[in-house]
Amino acid sequence: MILNTPIDMHLHLREGKILKDVLPYTESQFAAAVVMPNLVPPVDNKERLLSYKEEILSNSKNFIPLMNVFMREYSEEELKELKEFIFAIKLYPAGITTNSEGGVRGIETVYPVLEIMQELGIPLSIHGETHGFVMEREKEFIPVYEKLAKDFPKLKIIMEHVGTAEMLDLLDKYENLYATITLHHLLLTLDEVAGGMLNPHYFCKPVVKTPKDRAEIQKFVKSGHKKIMFGSDSAPHPIKNKLKGAAGVFSAPVILPALAEFFEEDTETFQKFISDNARENFNIDVPEKKVKLIKEEWTAPYIVGDIKPMFAGKIFKYKVIS
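These remarks concern the structure in this document.

Quick notes on the rules
Residues numbered from 1 in each chain as written. Predicted model: local features only at pLDDT ≥ 70, side-chain atom pairs only at ≥ 80, totals over all residues. Heavy atoms only, no water. Helix = DSSP H or I, 4+ residues; strand = E, 2+ residues; numbered from the N terminus. Contact = heavy atoms within 4.5 Å. Polar contact = N/O pair within 3.5 Å; in protein donor to acceptor, adjacent residues only side chain to side chain. Core = buried A, V, L, I, M, F, W, Y, C linked by side-chain atoms within 4.5 Å. Buried < 20%, exposed > 50% of the residue type's maximum accessible area, 1.4 Å probe, protein only. Salt bridge = Lys/Arg side-chain N within 4 Å of Asp/Glu carboxyl O.

On to the environment of tyrosine 52. Of note, tyrosine 52 is situated in helix 2 (residues 46-58). Note: C-alpha distance between tyrosine 52 and methionine 67 (15 residues apart in sequence) is 9.1 Å. Excluding residues within four positions of it along the chain, tyrosine 52 makes contact with Leu13, Arg14, Glu15, Leu19, Val35, Met36, Leu39, Val43 and Met67. Within the local environment of tyrosine 52, its side chain forms a polar contact with the backbone oxygen of arginine 14, the two atoms lying 2.9 Å apart.

This is the structure:
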(Lines give C-alpha, C1' and ligand atoms only; values in the text may rest on other atoms or scores of the structure.)
Protein backbone atom coordinates (compact mmCIF):
# COMPACT_ATOMS: atom_id res chain seq x y z
CA MET A 1 0.00 0.00 0.00
CA ILE A 2 1.50 3.33 -1.08
CA LEU A 3 0.09 6.67 0.04
CA ASN A 4 0.85 9.84 -1.87
CA THR A 5 1.84 12.89 0.21
CA PRO A 6 -0.03 12.32 3.50
CA ILE A 7 -0.89 15.52 5.35
CA ASP A 8 -1.85 15.86 9.01
CA MET A 9 -4.20 18.84 9.19
CA HIS A 10 -3.95 19.31 12.98
CA LEU A 11 -0.79 18.60 14.96
CA HIS A 12 0.79 19.64 18.27
CA LEU A 13 4.58 19.45 18.43
CA ARG A 14 5.31 21.53 21.54
CA GLU A 15 8.89 22.85 21.86
CA GLY A 16 12.34 21.80 23.03
CA LYS A 17 12.90 18.18 24.04
CA ILE A 18 9.31 17.10 23.47
CA LEU A 19 9.42 18.41 19.90
CA LYS A 20 12.65 16.49 19.28
CA ASP A 21 11.12 13.31 20.71
CA VAL A 22 7.81 13.39 18.81
CA LEU A 23 8.57 14.99 15.44
CA PRO A 24 10.29 11.90 13.92
CA TYR A 25 7.03 9.94 14.18
CA THR A 26 5.15 12.52 12.15
CA GLU A 27 7.98 13.07 9.68
CA SER A 28 8.20 9.35 8.91
CA GLN A 29 4.50 9.17 8.00
CA PHE A 30 3.58 12.61 6.64
CA ALA A 31 4.85 15.05 4.04
CA ALA A 32 3.42 18.01 5.93
CA ALA A 33 1.31 18.97 8.92
CA VAL A 34 -0.64 21.99 10.14
CA VAL A 35 1.09 22.96 13.38
CA MET A 36 -0.93 24.37 16.28
CA PRO A 37 0.09 27.67 17.96
CA ASN A 38 -1.08 27.23 21.58
CA LEU A 39 2.35 27.36 23.17
CA VAL A 40 3.47 29.48 26.13
CA PRO A 41 3.69 32.25 25.07
CA PRO A 42 1.37 31.66 22.10
CA VAL A 43 2.50 31.93 18.51
CA ASP A 44 0.75 35.19 17.72
CA ASN A 45 3.28 37.40 15.93
CA LYS A 46 5.70 37.13 13.04
CA GLU A 47 8.87 36.91 15.13
CA ARG A 48 7.49 34.09 17.31
CA LEU A 49 6.11 32.31 14.24
CA LEU A 50 9.36 32.31 12.29
CA SER A 51 11.37 31.29 15.35
CA TYR A 52 9.05 28.32 15.99
CA LYS A 53 9.08 27.28 12.35
CA GLU A 54 12.88 27.36 12.35
CA GLU A 55 12.96 25.10 15.42
CA ILE A 56 10.76 22.59 13.60
CA LEU A 57 12.80 22.71 10.40
CA SER A 58 16.09 22.36 12.27
CA ASN A 59 14.83 19.08 13.73
CA SER A 60 13.54 17.58 10.48
CA LYS A 61 14.90 16.61 7.07
CA ASN A 62 11.91 15.95 4.86
CA PHE A 63 8.88 17.64 6.37
CA ILE A 64 6.88 20.81 5.73
CA PRO A 65 5.29 22.60 8.72
CA LEU A 66 2.18 24.53 7.73
CA MET A 67 2.01 27.18 10.40
CA ASN A 68 -0.95 28.62 12.31
CA VAL A 69 -1.07 31.68 14.53
CA PHE A 70 -3.18 32.11 17.65
CA MET A 71 -6.29 34.25 17.22
CA ARG A 72 -6.20 37.74 18.72
CA GLU A 73 -7.23 41.19 17.52
CA TYR A 74 -4.81 41.53 14.60
CA SER A 75 -4.59 44.67 12.50
CA GLU A 76 -4.89 44.57 8.72
CA GLU A 77 -1.22 45.44 8.44
CA GLU A 78 -0.24 42.51 10.67
CA LEU A 79 -2.37 40.05 8.71
CA LYS A 80 -1.00 41.20 5.37
CA GLU A 81 2.51 40.65 6.71
CA LEU A 82 1.66 37.22 8.16
CA LYS A 83 -0.28 35.89 5.17
CA GLU A 84 2.66 34.45 3.24
CA PHE A 85 3.94 32.58 6.31
CA ILE A 86 0.76 30.94 7.61
CA PHE A 87 -1.81 28.38 6.60
CA ALA A 88 -4.59 29.58 8.92
CA ILE A 89 -5.46 31.38 12.15
CA LYS A 90 -6.58 29.21 15.07
CA LEU A 91 -9.45 30.35 17.28
CA TYR A 92 -9.68 28.96 20.80
CA PRO A 93 -12.52 29.95 23.12
CA ALA A 94 -10.75 31.26 26.23
CA GLY A 95 -9.80 28.49 28.66
CA ILE A 96 -11.37 25.69 26.64
CA THR A 97 -8.27 23.49 26.35
CA THR A 98 -4.48 23.36 26.87
CA ASN A 99 -2.83 26.81 26.89
CA SER A 100 -5.95 28.61 25.68
CA GLU A 101 -6.42 31.06 28.54
CA GLY A 102 -5.65 33.94 26.18
CA GLY A 103 -8.29 32.82 23.70
CA VAL A 104 -11.43 34.56 22.47
CA ARG A 105 -14.00 35.56 25.11
CA GLY A 106 -16.69 36.75 22.72
CA ILE A 107 -16.85 35.66 19.08
CA GLU A 108 -17.94 39.07 17.80
CA THR A 109 -14.86 40.74 19.30
CA VAL A 110 -12.84 39.23 16.45
CA TYR A 111 -15.33 40.01 13.67
CA PRO A 112 -13.06 42.79 12.32
CA VAL A 113 -10.23 40.23 12.08
CA LEU A 114 -12.50 37.73 10.32
CA GLU A 115 -13.51 40.40 7.79
CA ILE A 116 -9.87 40.97 6.89
CA MET A 117 -9.15 37.22 6.78
CA GLN A 118 -12.06 36.76 4.37
CA GLU A 119 -10.68 39.47 2.11
CA LEU A 120 -7.13 38.10 2.21
CA GLY A 121 -8.16 34.44 1.82
CA ILE A 122 -6.73 33.27 5.16
CA PRO A 123 -8.63 30.21 6.51
CA LEU A 124 -10.05 30.09 10.04
CA SER A 125 -9.52 27.02 12.22
CA ILE A 126 -11.69 26.59 15.34
CA HIS A 127 -11.72 24.51 18.51
CA GLY A 128 -15.51 24.37 18.61
CA GLU A 129 -16.70 23.91 22.19
CA THR A 130 -18.62 25.91 24.77
CA HIS A 131 -18.03 25.80 28.53
CA GLY A 132 -21.22 23.79 29.07
CA PHE A 133 -21.65 20.17 30.18
CA VAL A 134 -18.67 18.26 28.80
CA MET A 135 -20.67 15.86 26.61
CA GLU A 136 -22.75 18.67 25.10
CA ARG A 137 -20.08 21.28 24.42
CA GLU A 138 -19.70 20.57 20.71
CA LYS A 139 -23.47 20.44 20.09
CA GLU A 140 -23.83 23.75 21.89
CA PHE A 141 -21.21 25.28 19.58
CA ILE A 142 -23.10 24.38 16.39
CA PRO A 143 -25.05 27.70 16.32
CA VAL A 144 -21.71 29.56 16.45
CA TYR A 145 -20.46 27.66 13.40
CA GLU A 146 -23.71 28.41 11.59
CA LYS A 147 -23.55 32.10 12.42
CA LEU A 148 -19.95 32.36 11.24
CA ALA A 149 -20.69 30.43 8.04
CA LYS A 150 -23.53 32.83 7.23
CA ASP A 151 -21.79 36.04 8.31
CA PHE A 152 -18.57 35.24 6.42
CA PRO A 153 -19.63 33.15 3.40
CA LYS A 154 -16.27 33.50 1.61
CA LEU A 155 -14.19 32.57 4.69
CA LYS A 156 -13.08 28.93 4.74
CA ILE A 157 -13.75 27.58 8.23
CA ILE A 158 -12.34 24.32 9.59
CA MET A 159 -14.31 22.62 12.37
CA GLU A 160 -11.46 20.90 14.17
CA HIS A 161 -11.40 17.40 15.73
CA VAL A 162 -15.14 16.78 15.35
CA GLY A 163 -16.39 14.25 17.89
CA THR A 164 -20.14 14.85 17.69
CA ALA A 165 -22.08 13.38 14.78
CA GLU A 166 -24.51 16.31 14.46
CA MET A 167 -21.67 18.68 13.65
CA LEU A 168 -20.82 16.77 10.47
CA ASP A 169 -24.30 17.49 9.09
CA LEU A 170 -23.21 21.12 8.70
CA LEU A 171 -20.79 20.15 5.92
CA ASP A 172 -23.57 19.74 3.37
CA LYS A 173 -25.46 22.77 4.64
CA TYR A 174 -22.70 25.38 4.34
CA GLU A 175 -20.27 25.55 1.45
CA ASN A 176 -17.51 27.20 3.50
CA LEU A 177 -17.39 24.68 6.38
CA TYR A 178 -14.86 21.82 6.50
CA ALA A 179 -13.95 19.29 9.19
CA THR A 180 -10.98 17.39 10.55
CA ILE A 181 -11.32 14.00 12.24
CA THR A 182 -8.80 12.54 14.68
CA LEU A 183 -7.73 8.94 15.11
CA HIS A 184 -9.10 8.86 18.66
CA HIS A 185 -12.55 10.21 17.76
CA LEU A 186 -12.64 7.76 14.87
CA LEU A 187 -11.77 4.67 16.94
CA LEU A 188 -12.49 5.30 20.64
CA THR A 189 -15.49 5.97 22.86
CA LEU A 190 -15.82 7.17 26.43
CA ASP A 191 -15.63 3.52 27.52
CA GLU A 192 -11.91 3.51 26.68
CA VAL A 193 -11.42 6.55 28.92
CA ALA A 194 -13.62 5.77 31.91
CA GLY A 195 -15.46 2.49 31.32
CA GLY A 196 -13.03 0.50 33.45
CA MET A 197 -9.91 1.74 35.16
CA LEU A 198 -9.56 5.45 34.37
CA ASN A 199 -7.21 5.93 31.42
CA PRO A 200 -5.88 9.52 31.51
CA HIS A 201 -3.87 8.98 28.33
CA TYR A 202 -7.12 8.91 26.31
CA PHE A 203 -8.54 12.03 27.93
CA CYS A 204 -8.81 14.82 25.38
CA LYS A 205 -10.89 17.85 24.49
CA PRO A 206 -13.36 17.48 22.99
CA VAL A 207 -13.86 14.20 24.85
CA VAL A 208 -14.47 11.03 22.87
CA LYS A 209 -18.16 10.24 23.13
CA THR A 210 -20.74 7.53 22.47
CA PRO A 211 -20.68 4.46 20.23
CA LYS A 212 -23.38 6.19 18.14
CA ASP A 213 -21.15 9.22 17.60
CA ARG A 214 -18.24 6.99 16.67
CA ALA A 215 -20.36 4.97 14.23
CA GLU A 216 -21.62 8.12 12.50
CA ILE A 217 -18.12 9.59 12.27
CA GLN A 218 -16.83 6.32 10.80
CA LYS A 219 -19.68 6.34 8.29
CA PHE A 220 -18.82 9.87 7.14
CA VAL A 221 -15.13 9.06 6.82
CA LYS A 222 -15.69 5.83 4.89
CA SER A 223 -18.08 7.63 2.54
CA GLY A 224 -15.11 9.57 1.15
CA HIS A 225 -16.84 12.91 1.83
CA LYS A 226 -14.61 15.50 0.17
CA LYS A 227 -14.84 18.05 3.00
CA ILE A 228 -13.60 15.67 5.70
CA MET A 229 -9.83 15.61 6.27
CA PHE A 230 -7.54 13.81 8.65
CA GLY A 231 -6.19 15.92 11.50
CA SER A 232 -4.58 13.90 14.27
CA ASP A 233 -4.70 16.49 17.07
CA SER A 234 -1.78 14.42 18.36
CA ALA A 235 -0.98 16.23 21.59
CA PRO A 236 2.01 15.02 23.63
CA HIS A 237 2.15 15.55 27.40
CA PRO A 238 4.65 14.07 29.87
CA ILE A 239 3.10 11.27 31.91
CA LYS A 240 3.21 13.35 35.12
CA ASN A 241 1.04 16.00 33.43
CA LYS A 242 -1.40 13.42 32.05
CA LEU A 243 -1.84 12.04 35.57
CA LYS A 244 -2.76 15.58 36.65
CA GLY A 245 -5.47 15.74 33.98
CA ALA A 246 -3.81 17.36 30.95
CA ALA A 247 -6.01 16.99 27.86
CA GLY A 248 -4.52 15.41 24.74
CA VAL A 249 -3.91 12.06 23.06
CA PHE A 250 -0.44 11.39 21.63
CA SER A 251 -1.34 9.38 18.53
CA ALA A 252 1.53 10.29 16.17
CA PRO A 253 3.42 6.95 16.33
CA VAL A 254 0.42 4.79 15.34
CA ILE A 255 -1.54 6.85 12.83
CA LEU A 256 -0.96 5.16 9.48
CA PRO A 257 -0.87 1.56 10.80
CA ALA A 258 -4.16 2.16 12.64
CA LEU A 259 -5.82 3.86 9.66
CA ALA A 260 -4.63 1.12 7.29
CA GLU A 261 -6.53 -1.40 9.41
CA PHE A 262 -9.58 0.87 9.58
CA PHE A 263 -9.78 1.31 5.80
CA GLU A 264 -8.76 -2.32 5.10
CA GLU A 265 -8.31 -2.54 1.32
CA ASP A 266 -10.08 0.74 0.45
CA THR A 267 -6.91 2.57 -0.50
CA GLU A 268 -8.79 5.12 -2.61
CA THR A 269 -10.86 6.46 0.30
CA PHE A 270 -7.82 6.26 2.60
CA GLN A 271 -5.86 8.40 0.14
CA LYS A 272 -8.63 11.02 -0.01
CA PHE A 273 -8.92 11.22 3.76
CA ILE A 274 -5.20 11.37 4.47
CA SER A 275 -4.21 13.77 1.67
CA ASP A 276 -6.29 14.47 -1.43
CA ASN A 277 -9.24 16.20 0.27
CA ALA A 278 -6.96 18.59 2.17
CA ARG A 279 -4.84 19.43 -0.85
CA GLU A 280 -7.88 20.07 -3.05
CA ASN A 281 -9.95 21.96 -0.46
CA PHE A 282 -7.13 24.33 0.48
CA ASN A 283 -4.83 24.26 -2.56
CA ILE A 284 -1.99 22.87 -0.46
CA ASP A 285 1.13 22.58 -2.57
CA VAL A 286 3.93 20.64 -0.88
CA PRO A 287 6.65 18.40 -2.33
CA GLU A 288 5.39 14.93 -3.16
CA LYS A 289 6.25 12.17 -0.71
CA LYS A 290 5.43 8.48 -1.09
CA VAL A 291 4.81 6.54 2.12
CA LYS A 292 4.68 2.76 1.94
CA LEU A 293 2.90 0.39 4.31
CA ILE A 294 3.48 -3.34 4.17
CA LYS A 295 1.42 -6.11 5.71
CA GLU A 296 3.75 -7.08 8.53
CA GLU A 297 3.12 -7.12 12.25
CA TRP A 298 4.39 -4.06 14.08
CA THR A 299 4.23 -3.23 17.77
CA ALA A 300 3.41 0.33 18.83
CA PRO A 301 5.99 1.86 21.20
CA TYR A 302 5.23 1.69 24.91
CA ILE A 303 6.88 5.02 25.63
CA VAL A 304 8.35 7.96 23.69
CA GLY A 305 10.62 10.06 25.87
CA ASP A 306 8.33 10.62 28.84
CA ILE A 307 5.10 10.35 26.84
CA LYS A 308 2.76 7.38 26.58
CA PRO A 309 1.38 6.95 23.04
CA MET A 310 -2.09 5.89 21.98
CA PHE A 311 -2.38 2.09 21.62
CA ALA A 312 0.94 1.61 23.47
CA GLY A 313 2.15 -1.96 22.97
CA LYS A 314 -0.61 -2.90 20.52
CA ILE A 315 0.29 -5.17 17.60
CA PHE A 316 -0.83 -3.81 14.23
CA LYS A 317 -1.11 -5.70 10.94
CA TYR A 318 0.57 -2.94 8.94
CA LYS A 319 3.99 -1.36 9.23
CA VAL A 320 5.31 1.90 7.74
CA ILE A 321 8.43 1.54 5.60
CA SER A 322 10.50 4.72 5.43
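Below, the discussion takes up the nonpolar core. Residues Met71, Leu114, Met117, Leu256 and Leu259 are the most contacted members of the largest nonpolar core, which totals 88 residues. Tallying contributions element by element places helix 11 (residues 255-263) first for this core, with 7 residues. Excluding anything up to four places from it in sequence, leucine 256 contacts Leu3, Gln29, Phe30, Phe270, Ile274, Val291, Leu293 and Val320. Within the second largest apolar cluster, 17 residues are counted, among which are Ala32, Leu66, Phe70 and Met229.

On to the pattern of salt bridges. Per the counting criterion, the structure on display carries 16 salt bridges. Where glutamate 15 meets arginine 48, a salt bridge forms, and the shortest distance between an N and an O atom there is 3.0 Å. A residue pair is termed long-range when its members are at least 10 positions apart, and glutamate 15 in the loop between strand 2 (7-11) and helix 1 (16-27) and arginine 48 in helix 2 qualify at 33 residues. What makes glutamate 15 partly exposed here is its relative accessible area of 29%. Among the salt bridges present, the one from lysine 173 reaches glutamate 146, with a minimum N-O distance of 2.9 Å. With lysine 173 in the loop between helix 6 (165-168) and strand 8 (177-181) and glutamate 146 in helix 5 (residues 137-151), this pair connects stretches of sequence that are 27 residues apart. With relative accessibility at 54%, the residue lysine 173 sits in the exposed group. Taking relative accessible area as the criterion, glutamate 146 reaches 16% and is therefore assigned buried. Members of the salt-bridge network, linked through shared partners, are Asp44, Arg72 and Glu78.

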